[in-house]
Amino acid sequence: MIKESKKIWMNGKFVDWHQANVHILTHTLHYGLGVFEGIRCYKTQKGSAVFRLKEHVNRLFNSCHIMQITPEFQPDKISRAIIESIKINRLDECYIRPLVYLGYGVMGIYPKDSPVKVAIAVWPWGAYLGEEGIKNGIRLKISSFTRHHVNVSMTKSKTCGDYVNSILAKREAVFCGYDEALLLDTAGYVAEGSGQNIFIVRNGVLKTTPLTSVLEGITRNSVIAMAQREKIPVKEVNFSRDEVYIADEVFLTGTAAEITHVREVDGRIIGKGKPGPVTKKLQDLFFNIVKGRNKSYKSWLTYI
Ligand code: PPE
């Protein structure tokens, strides 16, 4: 169950956690046209800091732009509301969920004149794939569900309804005894996890899937930047599922999942079954950065 906090920001006002309700005929609830973000705030020695706030708010507004929904609030206002939400709930570490949705007003697929609503919830959320997963790695299953085709769903938008595809894949993986799903794209190449981008390491080269059918992950972007600075070669290229099987190292990235080592894919142990040197280096660097212990990346943190 979710760890409740006290207040939720809804359309410009804070309301009590249990009063943050919507009408049953809320358009997004029926048809899935809404967009959201997932952001994390970490505790540092200098107080709490939001990781890459600007990039997340920017992606939220890109999602709105793609989906042709226009919130009445500007990005600056949303950024300030996020900071206020963390403060008012007195949380030093939390997950942040802004949601832009179509409210009550019209029914039917054509959302003409639907009111555009915005909410921001914050709550404590620990390791997404478990503490055990972060430490010792997780087990992946190639999904029988294909990732979105780029002309079926708009994959650069974090659209609510698109996550049904993720749920189907995740549920299947868990039902089969795995921790997470790995989805292939419509051409059969590796795409991403249900809510994470994927990286593999082969012969010292870091590879991740190009930005076609996958979300433009902000953690993915951070890992690429970190790797480049560490002089680890990075390639954004397509690869097949069997290249994942024979990779030296595999890890997933996401705001919720952070950097999670993958120890097994479809019953094949990856490398030695333990986090390899590249994964460990990037994981350590990432946690030092988000916790404010690395000055070189201080522009990625917004202190509250
Ligand atoms: N791909 C997908 C499909 C995705 O949903 C996410 C984030 C990513 C990649 C990684 O993106 P980024 O967080 O910017 O590095 N998934 C969010 C939702 C997870 C959830 O269960 O809810 C997240 O990690 O916050």
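Residues numbered from 1 in each chain as written. Predicted model: local features only at pLDDT ≥ 70, side-chain atom pairs only at ≥ 80, totals over all residues. Heavy atoms only, no water.

What to know about the overall build of the protein
Line of reasoning, step 1. Counting secondary structure elements, the protein contains 8 helices and 17 strands.
Line of reasoning, step 2. For a compact globule of 304 residues, the expected C-alpha radius of gyration is about 19 Å, and the protein comes in at 19 Å, within 12% of that figure.
Line of reasoning, step 3. Buried positions account for 52% of the 304 residues belonging to the protein.
Line of reasoning, step 4. Within the protein, contacts between residues separated by at least 24 positions form 69% of all contacts whose residues are at least 6 apart in sequence.
Line of reasoning, step 5. Surface summary for the protein: the accessible area is close to 14,700 Å², and the carbon and sulfur share equals 52%.
Line of reasoning, step 6. Each charge class in the protein can be summarised by its mean position, and for the 42 positive and 29 negative side chains these summaries are 4 Å apart. (Helix = DSSP H or I, 4+ residues; strand = E, 2+ residues; numbered from the N terminus. Rg over C-alpha atoms; globule rule 2.2 N^0.38 Å. Buried < 20%, exposed > 50% of the residue type's maximum accessible area, 1.4 Å probe, protein only. Contact = heavy atoms within 4.5 Å. Areas by Shrake-Rupley, 256 points an atom, 1.4 Å probe, with all protein chains shown as cover. Lys, Arg positive; Asp, Glu negative; His and termini not counted. Charge placed at Lys NZ, Arg CZ, Asp CG, Glu CD.)

With respect to a nonpolar patch on the surface
Line of reasoning, step 1. On the surface, a nonpolar cluster with roughly 840 Å² of combined accessible area is contributed by Val22, Ile24, Leu25, Leu29, Tyr31, Tyr104, Met107 and Ile109.
Line of reasoning, step 2. Mapping Ile24 onto the fold places it in the loop between strand S2 (13–16) and helix H1 (27–31). (Patch = residues over 30% accessible without salt bridge, like charges linked within 9 Å, V, L, I, M, F, W, Y side chains within 5 Å. Salt bridge = Lys/Arg side-chain N within 4 Å of Asp/Glu carboxyl O.)

Notes on the nonpolar core
Line of reasoning, step 1. Judged by nonpolar contacts, the single largest core of 28 residues is most densely connected at Ile69, Ile78, Ile82, Ile86, Ile96 and Val100.
Line of reasoning, step 2. Elements supplying a minimum of two residues to this core: strand S4 (39–44), helix H2 (53–67), helix H3 (75–88), strand S6 (94–102) and strand S7 (116–123).
Line of reasoning, step 3. Ranked by the residues each element gives to this core, the list is headed by H2, at 6 residues.
Line of reasoning, step 4. Sequence-distant contacts of Ile86, that is, excluding residues within four places in its chain, are made with Cys41, Val50, Leu91, Cys94, Ile96, Val122 and Ile304.
Line of reasoning, step 5. One finds Phe199, Ala227, Val278 and Leu285 within the second-largest nonpolar core, a separate group that totals 24 residues. (Core = buried A, V, L, I, M, F, W, Y, C linked by side-chain atoms within 4.5 Å.)

Details of the packing of H2 against H3
Line of reasoning, step 1. Axis separation between H2 and H3 bottoms out at 10 Å; the angle between their running directions is 125°. Overall, the two elements H2 and H3 adopt an arrangement that is oblique. Relative to H3, H2 is oriented so that their crossing is right-handed. In this structure, H2 uses Leu53, Val57, Leu60 and Phe61 to contact H3, whose residues at the interface are Pro75, Ile78, Ser79, Ile82 and Ile83. (Axes fitted to C-alpha atoms, helices over the stretch in contact; angles between N-to-C directions. Parallel < 35°, antiparallel > 145°, perpendicular 65-115°, else oblique. Left-handed = near helix turned anticlockwise from the far one by under 90°.)

Here's the deal with the pattern of salt bridges
Line of reasoning, step 1. This model, assessed by the stated rule, comprises 14 salt bridges.
Line of reasoning, step 2. The partner of Glu37 in a salt bridge is Arg59, and the shortest N-O contact between them spans 2.8 Å. Residue Glu37 is found in the loop between strand S3 (34–36) and S4, and its partner Arg59 is found in helix H2; the two are separated by 22 residues along the sequence. As far as the burial class goes, Glu37 and Arg59 line up, both buried.
Line of reasoning, step 3. Here Arg52 makes a salt bridge to Glu55, at a shortest N to O gap of 3.2 Å.
Line of reasoning, step 4. A cluster of three or more residues bridged by salt bridges with shared partners is formed by Arg202, Lys207 and Glu243.

Considerations on H3
Line of reasoning, step 1. Over its 14 residues, H3 extends 20 Å from the first C-alpha to the last, a length consistent with the 20 Å expected when each residue adds 1.5 Å.
Line of reasoning, step 2. Every buried residue belonging to H3 is among Ile78, Ser79, Ala81, Ile82, Ile83, Ser85 and Ile86, and all of these are buried.
Line of reasoning, step 3. Note on H3: the residue one or two positions beyond its end, Arg90, has a positive phi of about 50°. (Expected span 1.5 Å × (residues − 1).)

Points about the side chain of Asn294
Line of reasoning, step 1. Counting through the fold element by element, Asn294 comes out in the loop between helix H8 (277–290) and strand S17 (301–303).
Line of reasoning, step 2. Reaching out from Asn294, the side chain makes a polar contact with the backbone nitrogen of Ser296 at a distance of 3.0 Å.
Line of reasoning, step 3. Setting aside chain neighbours within four positions, we find Asn294 in contact with Leu285, Asn288 and Ile289. (Polar contact = N/O pair within 3.5 Å; in protein donor to acceptor, adjacent residues only side chain to side chain.)

Here's the deal with the site of the ligand
Line of reasoning, step 1. Every one of the 21 residues lining the ligand counts as a neighbour, but Tyr95, Tyr128, Tyr163, Thr219 and Thr255 are closest to it.
Line of reasoning, step 2. One nitrogen or oxygen atom from the side chain of Thr219 is found 2.5 Å from an oxygen atom belonging to the ligand.
Line of reasoning, step 3. Where the shell around the ligand is concerned, the elements lending two or more residues are S6, helix H6 (218–229) and strand S14 (249–254).
Line of reasoning, step 4. Here the shell around the ligand is built from residues that sort into 6 nonpolar, 10 polar and 5 charged.
Line of reasoning, step 5. Two domains share the shell around the ligand, each providing at least three of its residues, namely domain 1 (7–123) and domain 2 (131–290). (Near = heavy atom within 4 Å. Nonpolar A, V, L, I, M, F, W, Y, C, P; charged D, E, K, R; others polar. Domains from an automatic or database assignment.)

Digging into the domain arrangement of the protein
Line of reasoning, step 1. Looking at the protein, the domain boundaries give domain 1 (7–123) and domain 2 (131–290).
Line of reasoning, step 2. Here domain 1 meets domain 2 over a buried area of about 1,800 Å², counting both sides, of which 64% is carbon and sulfur.
Line of reasoning, step 3. Among the salt bridges present, the one from Arg40 reaches Glu258, with a minimum N-O distance of 3.7 Å.
Line of reasoning, step 4. Where domain 1 meets domain 2, there are 11 residue pairs in polar contact (both at pLDDT 80 or more).
Line of reasoning, step 5. Secondary structure elements with two or more residues in the side of domain 1 that touches domain 2: S3, S4, H2 and S6. (Buried area = accessible area lost by both parts, 1.4 Å probe.)

Re unusual backbone geometry
Line of reasoning, step 1. The phi torsion at Asn203 lies on the positive side, around 50°, for a residue other than glycine.
Line of reasoning, step 2. Within the fold, Asn203 resides in the loop between strand S11 (197–202) and strand S12 (205–208).
Line of reasoning, step 3. With relative accessibility at 67%, the residue Asn203 sits in the exposed group.
Line of reasoning, step 4. Its identity is not glycine, yet Asp266 carries a phi of approximately 50°, on the positive side.
Line of reasoning, step 5. Within the secondary structure, Asp266 sits in the loop between strand S15 (258–265) and strand S16 (268–269).

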